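# Tertiary structure, described
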Amino acid sequence: GGGNTGGGSTSGGNTGGGSTSGGNTGGGANSGSTSGQTPIAPATPFTDVPDNSWFYSDVAWAYQNGFMIGVSETAFEPHSAIGQGTIVTVLARMGNVDLSRYSNEQYGYITPGQWYSNAAVWATQTGLLPDYTVFLETGAISRGNMAIMLVKYLRSRGFDTSVPTPPAVFSDADLMSQDEYNSFQVLYHYGIFLGVGDMYMDPLGITSRCEFSALIHTMHTVLNQKSLETTLTAASKCTKRGRPLGRPLFNAILEHYNSHIPAHMSIYRKNKRALTEKYVSAETALWKFRSPQDSESTIPSDKSPGIP
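Residues numbered from 1 in each chain as written. Predicted model: local features only at pLDDT ≥ 70, side-chain atom pairs only at ≥ 80, totals over all residues. Heavy atoms only, no water.

Quick look at helix H5 (residues 178-189) now. Look at H5: 17 Å from first C-alpha to last across 12 residues, which is about the 16 Å you get at 1.5 Å a residue. For H5, the set of buried residues is Glu180, Ser183, Phe184, Gln185, Val186 and Leu187. The first or second residue beyond H5 is Gly191, which carries a positive phi of 75 degrees. (Helix = DSSP H or I, 4+ residues; strand = E, 2+ residues; numbered from the N terminus. Expected span 1.5 Å × (residues − 1). Buried < 20%, exposed > 50% of the residue type's maximum accessible area, 1.4 Å probe, protein only.)

Structure below.
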């Protein structure tokens, strides 16, 4: 992901409240071992992220992908409030943005030379900040404003961010601005954020760093699903025309075939059948229309894989 200067993400000082949907439950690799067995390396170096915590796998995923690297070599501060500097830095990394392009750009409300400065300039120019606001640097941001930023990011990635019909009925809608309401509707629709319970979105509250790791884990899965659908649409057009897929499209399908799409995702469960049918059709096309230069070893051995 994009190279911000300095030592990675930091956070504000409040502890997080509420639960975040879409996050994996705890578990994953632990550092213990039994006699005669090779110790399993921990998934993260963070001493404050227990392997039995609900957010362990989300933090491990964010760390292993280089999206969130902690506040120090051994601390993640999972319950500290997420700051706007961290949000823009993580989104830039997820989008593989070349932040070096923004080194010489300056805005009066963005302190130059900080680890988040380039990402803040990128976010400002991309239009990710809530309207009529300035960059808050490392200060905590409300969940409502965070929702606005995430939806603006989805829009920049080509997502339809119109309010779904019929809209969800939120218990605390009266606490939301119109932009916050619209943003929560979009995030709820895509299964990225389902609230803190009983249809409460808690727009005035903050989001902890561990909750944010769960949010971006879910959002990354949704982004990958859209990329998969785009790839399969292209494959379908090739097969309908009787044309070979060619190596770039062939490799794109294999990449999605080998990627992990968590089965707990509600949006995945809802679309699993349709996506699987499209994928099987596309893989059949690999066998029928593959280019001569594609070697046999690159063809998936499983004739009906669905999507992992």
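Additional details are given in the paragraphs that follow.
All right, on to the environment of Thr111 then. Its place among the elements puts Thr111 in the loop between helix H2 (84-94) and helix H3 (117-126). According to the relative accessible area criterion, Thr111 is partly exposed, its value standing at 34%. With 24 residues separating them along the chain, Thr111 and Phe135 place their C-alpha atoms 9.7 Å apart. In this view, Thr111 contacts Tyr116, Ser117 and Glu137; residues no more than four positions away in its chain are not counted. Within polar-contact distance, the side chain of Thr111 engages the side chain of Glu137 at 2.6 Å. (Contact = heavy atoms within 4.5 Å. Polar contact = N/O pair within 3.5 Å; in protein donor to acceptor, adjacent residues only side chain to side chain.)

With that out of the way, let us pick up unusual backbone geometry. Residues Thr165 and Pro166 are joined by a peptide bond in cis, for which omega reads -5 degrees. If you trace the backbone, Pro166 turns up in the loop between helix H4 (143-156) and H5. Here the phi dihedral of Asn96 falls at roughly 55 degrees; this positive angle occurs in a residue that is not glycine. Note that Asn96 resides in the loop between H2 and H3. Non-glycine residue Met199 carries a positive phi angle of around 65 degrees. Among the structural elements, Met199 can be located in the loop between H5 and helix H6 (209-240).

A word on the packing of aromatic side chains. The description of an aromatic ring pair uses the distance of the two centres, along with the angle that the planes make with each other. Enumeration over the complete set of coordinates arrives at 12 aromatic pairs. For the ring pair Trp54 and Phe55, a centre distance of 5.4 Å and an interplane angle of 90 degrees mean the geometry is edge-to-face. Looking at Trp54, the relative accessible area reads 36%, which means it is partly exposed. Aromatic ring contacts, followed pair by pair, group Phe170, Tyr181, Phe184, Tyr188 and Phe193 into a single cluster. Taking NZ or CZ as reference, Arg209 lies 4.5 Å from the ring centre of Phe76, over its face. (Phe/Tyr/Trp six-rings, centres within 6.5 Å; stacked < 30°, edge-to-face > 60°. Lys NZ or Arg CZ within 6 Å of the ring centre and 35° of its normal.)

What follows deals with the nonpolar core. Counting residues in hydrophobic clusters, the biggest one holds 59 residues, and the most contacted among them are Leu91, Met94, Trp122, Phe212, Ile216 and Met219. Breaking this core down by element, the ones donating at least two residues are helix H1 (56-64), H2, H3, H4, H5 and H6. Beyond its immediate chain neighbours, meaning those up to four positions away, Leu91 contacts Trp122, Leu128, Leu150, Tyr153 and Met219. (Core = buried A, V, L, I, M, F, W, Y, C linked by side-chain atoms within 4.5 Å.)

Within the secondary structure, Asn118 sits in helix H3. Those residues in contact with Asn118, other than ones at most four positions away along the chain, are Leu99, Ser100, Tyr102 and Ser103.

Shape descriptors only; they carry no functional weight alone.
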